[in-house]
Amino acid sequence: CVKDVIEHKILSVMSMKSLQLLNGLHNEKGWNASNTDQNDLADSEFSSFSNIALDQSLYVKEISNSIMQMLQTLTQGSALSSDMIRKWTTKTAETVVTAYAKEIAAIPKLSKSGQEQLKTDIDYLLNLLSVMELDGGKDLPGILAVLNADEKERKNVLSKSDMSPDIARGIQTSLSIA
């Protein structure tokens, strides 16, 4: 239907900056645990997203700024109804959150420091979405729950999560959950 095509195009433009930031995120060296790096000594280096460990990564800050700018643009001097603004903000956030979860699930193997950074980043984004009264979906809270679980409990937490099957499989691989 033409309406769906138009909505998809508008949504693509509205979420473009955030999606560009997420593109290829799973390939960042800082996430990955290498076989020679058992002590996670080199894990804190994110080639294009460098930042102080356990502070929000640059990409999460930029995504947050992008969502807030989009919301400001929609509401400033707008003739749009609050329902229409909510609809587009929600759809944009859902698009970004879904893309973020897919990137996380595509990380081949998460190091300990990569896991800690990811917990910080997901928590930050979910808190921002909550403040904006936007839903973080089921995948990001599920990923965060698995990351926060004791390693011995992760398989159980993963099996009880509401994550989409593809995301759950990716997380299982990334965290080497047997």
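Residues numbered from 1 in each chain as written. Predicted model: local features only at pLDDT ≥ 70, side-chain atom pairs only at ≥ 80, totals over all residues. Heavy atoms only, no water.

Asks: Summarise unusual backbone geometry; cite the residues concerned and give the values.
Replies: Although it is not a glycine, Glu 133 sits at a positive phi angle of roughly 60 degrees. Residue position: Glu 133 is located in the loop between α4 (112-131) and α5 (139-148). By relative accessible area, Glu 133 is classed as exposed at 64%. (Helix = DSSP H or I, 4+ residues; strand = E, 2+ residues; numbered from the N terminus. Buried < 20%, exposed > 50% of the residue type's maximum accessible area, 1.4 Å probe, protein only.)

Asks: How would you explain the confidence of the model for the chain if you had to name every residue and give the values?
Replies: With 75% of its residues at a pLDDT of 70 or more, the chain has an overall mean of 79. Note that residues 35-54 has pLDDT below 50 and, in this model, 34 contacts with residues that lie over four places away or in other chains. (pLDDT = per-residue confidence, 0-100. Contact = heavy atoms within 4.5 Å.)

Asks: Would you mind going over the packing of helix α3 (residues 82-105) against α4 in detail, with residue names and values included?
Replies: Two elements in contact, α3 and α4, have axes separated by 13 Å at closest approach and are oriented at 170 degrees. As the angle between them shows, α3 and α4 are arranged roughly antiparallel. Contacts from Ala 93, Val 97, Tyr 100 and Ile 104 of α3 reach α4 at Leu 118, Asp 121, Ile 122, Leu 125 and Leu 129. A per-class count over the contact of α3 with α4 returns eight nonpolar, no polar and one charged. (Axes fitted to C-alpha atoms, helices over the stretch in contact; angles between N-to-C directions. Parallel < 35°, antiparallel > 145°, perpendicular 65-115°, else oblique. Nonpolar A, V, L, I, M, F, W, Y, C, P; charged D, E, K, R; others polar.)

Asks: Just give me the short version of the nonpolar core, but keep the residues and values in it.
Replies: If you look at the biggest cluster of nonpolar residues, it comprises 39 residues, and the most contacted ones within it are Tyr 100, Leu 118, Ile 122, Leu 140, Ile 143 and Ile 171. Elements with a contribution of two residues or more to this core: α2 (58-75), α3, α4, α5 and α7 (165-174). Here this core gets nine residues from one element, more than from any other, and that element is α3. Residue contacts for Ile 143: discarding those within four places in its chain leaves Ala 101, Ile 104, Ile 122, Met 163, Ile 167 and Ile 171. (Core = buried A, V, L, I, M, F, W, Y, C linked by side-chain atoms within 4.5 Å.)

Asks: Could you give an account of the side chain of Arg 154, naming the residues involved and the relevant values?
Replies: The topology assignment puts Arg 154 in helix α6 (residues 154-160). Buried charge without a salt bridge: Arg 154, with Glu 151 as the nearest opposite-charge side chain at an N-O distance of 4.8 Å. A polar contact of 3.4 Å, which involves the side chain of Arg 154, links it to the backbone oxygen of Ala 149. The residues touching Arg 154, leaving out its near neighbours within four places in the chain, are Gln 115, Val 146, Leu 147, Ala 149, Leu 175 and Ile 177. (Lys, Arg positive; Asp, Glu negative; His and termini not counted. Salt bridge = Lys/Arg side-chain N within 4 Å of Asp/Glu carboxyl O. Polar contact = N/O pair within 3.5 Å; in protein donor to acceptor, adjacent residues only side chain to side chain.)

Asks: Give me the lowdown on α2, citing residues and values where you can.
Replies: With 18 residues, α2 should reach 26 Å at 1.5 Å per residue; the first-to-last C-alpha distance of 26 Å fits that figure. All buried positions along α2 are accounted for by Tyr 59, Val 60, Ile 63, Ser 64, Ser 66, Ile 67, Met 70 and Leu 74. The arc that holds the buried residues of α2, viewed along the axis, is 155 degrees, so those residues lie on one side. Residue Gly 77 follows α2 closely and has a positive phi angle near 55 degrees. (Expected span 1.5 Å × (residues − 1). Arc of directions from axis to C-beta.)

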